[in-house]
Amino acid sequence: MKLTDEKPFETCLANKDLVFILLQKKERKLLEKVLPLSPSLIDELDGNGYHLSCYVCLKVHGCRNRLVDMLI
């Protein structure tokens, strides 16, 4: 059994700080598991008031198209 399939994983990762860290690290596969567990995280804002999709466009470097597609 993988860590990501365990119940405690759901509760410990459902916070906005982790989502922005995963976006910064471009951890798309992990984000795809975390966001369905807590869909309200999509509407969270970072410390500067950026929505997740805006944050990806402005702050994440490199290839961002899959991240943006996932958030839309």
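Going by the structure above, here's the rest.
Please read all numbers here as calculations on a predicted model, not as lab measurements. (Residues numbered from 1 in each chain as written. Predicted model: local features only at pLDDT ≥ 70, side-chain atom pairs only at ≥ 80, totals over all residues. Heavy atoms only, no water.)

## Looking at the overall build of the protein chain
Here is step 1 of the chain: Along the protein chain, the regular secondary structure elements total five helices and zero strands.
Here is step 2 of the chain: Starting at the N terminus and walking to the C terminus, you meet the elements of the protein chain as α-α-α-α-α.
Here is step 3 of the chain: Counting only residues that meet the buried cut, the protein chain has 29% of its 72 residues in that class.
Here is step 4 of the chain: At a minimum sequence separation of 6, the contacts of the protein chain that also span at least 24 residues come to 53%.
Here is step 5 of the chain: Accessible surface for the protein chain amounts to roughly 4,900 Å². Of this, 53% is attributable to carbon and sulfur atoms. (Helix = DSSP H or I, 4+ residues; strand = E, 2+ residues; numbered from the N terminus. Buried < 20%, exposed > 50% of the residue type's maximum accessible area, 1.4 Å probe, protein only. Contact = heavy atoms within 4.5 Å. Areas by Shrake-Rupley, 256 points an atom, 1.4 Å probe, with all protein chains shown as cover.)

## Focus: the nonpolar core
Here is step 1 of the chain: Ranked by internal contacts, the top residues of the largest apolar core, which has 16 residues, are Val19, Leu23, Leu31 and Val56.
Here is step 2 of the chain: Per-element accounting of this core gives the leading share, five residues, to helix H2 (residues 16-24).
Here is step 3 of the chain: Discounting chain neighbours no more than four positions away, the residues touching valine 19 are Leu31, Val34, Leu35, Leu41 and Leu52. (Core = buried A, V, L, I, M, F, W, Y, C linked by side-chain atoms within 4.5 Å.)

## Considerations on the environment of isoleucine 72
Here is step 1 of the chain: Within the fold, isoleucine 72 resides in the segment after helix H5 (65-71).
Here is step 2 of the chain: Assessed through its relative accessible area of 79%, isoleucine 72 is described here as exposed.
Here is step 3 of the chain: Along the backbone, isoleucine 72 and serine 53 are 19 residues apart, and their C-alpha atoms lie at a distance of 7.7 Å.

## Some details on helix H4 (residues 52-59)
Here is step 1 of the chain: Turning to H4, its buried residues are Leu52, Tyr55 and Val56. Projected onto a plane normal to the axis of H4, the buried residues spread over an arc of 100 degrees and lie on a single side.
Here is step 2 of the chain: The elements touched by buried residues of H4 are H2 and H5. (Arc of directions from axis to C-beta.)

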